[in-house]
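This is what each chain is made of:
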Amino acid sequence: MLFRSAVQIDYFPPDRRARDLDNLQKGLLDALQHGGAFENDAQIKELHTRMGKPIHGGKCLVWMREIRES
């Protein structure tokens, strides 16, 4: 069964080079789908992405929650 989901991504790059958040989203969501976090990224109905300050080694935090229909 496919469920609708909301995703929050907090991205902390490894350095100060310019990056496009839309490019980050596509690769990350594809990887999450491949890893089994959801069946199809078309299930994502709400998506929030924030760019944090650079940290050594970089880091990406992802939160997901199901959106229940009312």
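Note that this is a predicted model, so its numbers are computed, not measured.

Cut-offs and rules
- Residues numbered from 1 in each chain as written.
- Predicted model: local features only at pLDDT ≥ 70, side-chain atom pairs only at ≥ 80, totals over all residues.
- Heavy atoms only, no water.
- Core = buried A, V, L, I, M, F, W, Y, C linked by side-chain atoms within 4.5 Å.
- Buried < 20%, exposed > 50% of the residue type's maximum accessible area, 1.4 Å probe, protein only.
- Contact = heavy atoms within 4.5 Å.
- Helix = DSSP H or I, 4+ residues; strand = E, 2+ residues; numbered from the N terminus.
- Polar contact = N/O pair within 3.5 Å; in protein donor to acceptor, adjacent residues only side chain to side chain.

Q: Just to check I follow, could you spell out the nonpolar core for this structure?
A: Nonpolar side chains in soluble globular proteins generally cluster together in the buried interior. Val7, Ile9, Leu28, Leu29, Leu32, Phe38 and Ile44 together form the largest nonpolar core, which totals seven residues. Discounting residues that sit within four places of it in the chain, leucine 32 has contacts with Ala37, Phe38 and Val62.

Q: What is the right way to look at the side chain of aspartate 10 in this model?
A: Residue position: aspartate 10 is located in strand β1 (residues 5-12). Aspartate 10 sits in the buried class, given a relative accessible area of 8%. Among the polar contacts made by the side chain of aspartate 10, one reaches the side chain of glutamine 8 at a distance of 2.8 Å. Not counting residues within four places of it along the chain, the set of residues in contact with aspartate 10 comprises Arg50, Lys59, Cys60, Leu61 and Trp63.

Q: Quick question: what am I supposed to make of the environment of arginine 68 here?
A: The topology assignment puts arginine 68 in the segment after β3 (59-66). Sequence-wise, arginine 68 and glycine 35 are 33 residues apart; in three dimensions their C-alpha atoms are separated by 23 Å.

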